[in-house]
Amino acid sequence: MNGQDLLYALTQVAHNFGAVLVLASPLYPIVSGRLLLRNTLWFALAGWSVQIISGLSFGLVSLHFYGQLPALHGVAMVALAIKIISAIGACALIIFSLRDGIIRAGSRAIRIWGVLTGLAIVALSSAAFLRWYS
């Protein structure tokens, strides 16, 4: 195993664990019925942060070893844009919810968890298209 393969593999491991957090974190309060879980917002934020950092790392590893970013076109570029928009949107919603404490409201909490779940599903589904079409 060369250094490039090891870096890609470790980045993929981090990306996969981040994916688990971005989907499991908002699903847990919905499934458990315990909607007022402030700590779960922190787990969700950690997951999205790992997704963003590891996603950037894929590009940086390519830049380091090949001297250029991966060539993405068409469907892959759209999928990447969807992932980025989902990550930014989720982080903004989580930070706003943590700052303003809006997660305390019952029906509002359900909507927030639902939006976060939807963003996770959209981002993770886009990842398949990004991988397949790149």
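Just so it is clear, the structure is predicted and the values come from calculations on it, not from any experiment.

Once that is clear, we can look at the confidence of the model for the protein chain. Summing up the model confidence of the protein chain, the mean pLDDT is 90 and the portion of residues at 70 or higher is 95%. Per-element confidence in the protein chain ranges from a low mean pLDDT of 91 for helix α4 (residues 106–133) to a high of 94 for helix α3 (residues 75–100).

The next thing to look at is the nonpolar core. Counting residues in each nonpolar core, the largest one holds 18 residues, and the members touching the most others are Leu41, Leu45, Trp48, Ile94, Leu98, Trp113 and Leu116. At the level of elements, α2 (38–66), α3 and α4 are the ones that each hand at least two residues to this core. Not counting the four nearest positions on each side in its chain, Leu116 is found in contact with Val22, Pro26, Leu41, Ala90, Leu93 and Ile94.

Once that is clear, we can look at the packing of aromatic side chains. In the structure shown here, the tally under the stated rule is one aromatic pair. Where Phe129 meets Tyr133, the ring centres are 6.3 Å apart and the plane angle is 0°; that geometry is what we call stacked. You can see Phe129 and its partner Tyr133 sitting in helix α4, four residues apart, about one turn around the helix. Residue Phe129 is classed as partly exposed on the basis of its relative accessible area of 46%.

Time to look at a nonpolar patch on the surface. A contiguous nonpolar surface patch, about 580 Å² in accessible area, is contributed by Ile52, Ile53, Leu56, Leu60, Leu63 and Leu69. Of note, Leu63 is situated in helix α2.

Glancing now at helix α1 (residues 3–32). Helix length check: α1 (30 residues) gives 43 Å between terminal C-alpha atoms against 44 Å at 1.5 Å per residue, within 8%. Helix geometry: α1 is bent most strongly at Ala24, by close to 30°, with proline Pro26 lying one to four residues after it. Along α1, the residues classified as buried are Gln4, Thr11, His15, Gly18, Ala19, Val22, Ser25, Pro26 and Pro29. Where α1 begins, one side-chain oxygen reaches toward the backbone nitrogen of Gln4, 3.2 Å away; that side chain belongs to Asn2. Gly33 sits one or two positions beyond α1 and adopts a positive phi of about 80°.

A separate point is the side chain of Ser97. Within the element layout of this structure, Ser97 appears in helix α3. Residue class for Ser97 comes out buried when judged on its relative accessible area of 0%.

Here we come to the packing of α2 against α4. Helix-helix packing: each pair is described by the crossing angle between the helix axes and the interaxial distance. Look at α2 against α4: their axes get within 13 Å of each other, and the N-to-C directions meet at 20°. Classed by the angle they form, the pair α2 and α4 counts as roughly parallel. For the crossing formed where α2 meets α4, the hand is left-handed. Between α2, through Thr40, Leu41, Trp48 and Gln51, and α4, the contact on the second element is made entirely by Trp113, Leu116, Leu119, Ala120, Ala123 and Leu124. Residue composition of the contact of α2 with α4, by class: eight nonpolar, two polar and no charged.

Definitions and limits used
- Sequence positions are assigned chain by chain, starting from 1 and proceeding in written order.
- The predicted nature of this model means local features are confined to residues of pLDDT at least 70 and side-chain atom pairs, given and counted, to a pLDDT of 80 or more, with totals for whole chains, interfaces and linings taken over all residues.
- Remark: hydrogens and water are excluded; side-chain values derive from all non-hydrogen atoms of the structure.
- Values of pLDDT, ranging from 0 to 100, describe the predictor's confidence in every residue of the model.
- The helix count covers DSSP runs of H or I at least four residues long, the strand count covers runs of E at least two residues long, and both are numbered beginning at the N terminus.
- In this text, buried Ala, Val, Leu, Ile, Met, Phe, Trp, Tyr and Cys residues form a nonpolar core when linked through side-chain atoms within 4.5 Å.
- Buried means the residue's accessible area, taken with a 1.4 Å probe over protein chains only, is under 20% of the maximum for its type, while exposed means over 50%, and partly exposed covers the values in between.
- The contact definition used throughout considers only heavy atoms, calling two residues in contact when any of these lie within 4.5 Å.
- A pair of Phe, Tyr and Trp rings is counted when the ring centres sit within 6.5 Å of each other, with Trp represented by its six-membered ring. The angle between the planes then sorts it: under 30 degrees is stacked, over 60 is edge-to-face, the rest tilted.
- By definition, no residue in a patch forms a salt bridge, and every one has over 30% relative accessible area; like charges are joined within 9 Å, nonpolar side chains (Val, Leu, Ile, Met, Phe, Trp, Tyr) within 5 Å.
- A 1.4 Å probe and the Shrake-Rupley method give the accessible areas. Residues count as covered only by the protein chains that appear here.
- Whenever Lys or Arg places a side-chain nitrogen within 4 Å of a carboxyl oxygen from Asp or Glu, that contact is recorded as a salt bridge.
- Between the first and last residue of a helix there are one fewer steps than residues, each counted as 1.5 Å, and that sum is the expected span.
- At every residue, the bend is computed as the angle between two fitted axes, covering the seven residues ending there and the seven beginning there respectively.
- Any pair of nitrogen or oxygen atoms within 3.5 Å is treated as a polar contact; in protein, a donor-acceptor pairing is required on top of that, and neighbouring residues in sequence qualify only through side-chain atoms on both sides.
- Axes, fitted as lines to C-alpha atoms, cover a helix only where it is in contact. Angles between the N-to-C directions of the axes lie from 0 to 180 degrees.
- Any angle from 65 to 115 degrees is called roughly perpendicular, while one under 35 is roughly parallel, one over 145 is roughly antiparallel, and all others are oblique.
- If you view the pair so one helix is near and one far, a crossing is left-handed when the near helix is turned anticlockwise from the far one by less than a right angle, and right-handed when it is turned clockwise.
- Ten residue types, Ala, Val, Leu, Ile, Met, Phe, Trp, Tyr, Cys and Pro, are classed as nonpolar, four, Asp, Glu, Lys and Arg, as charged, and the remainder, Gly among them, as polar.

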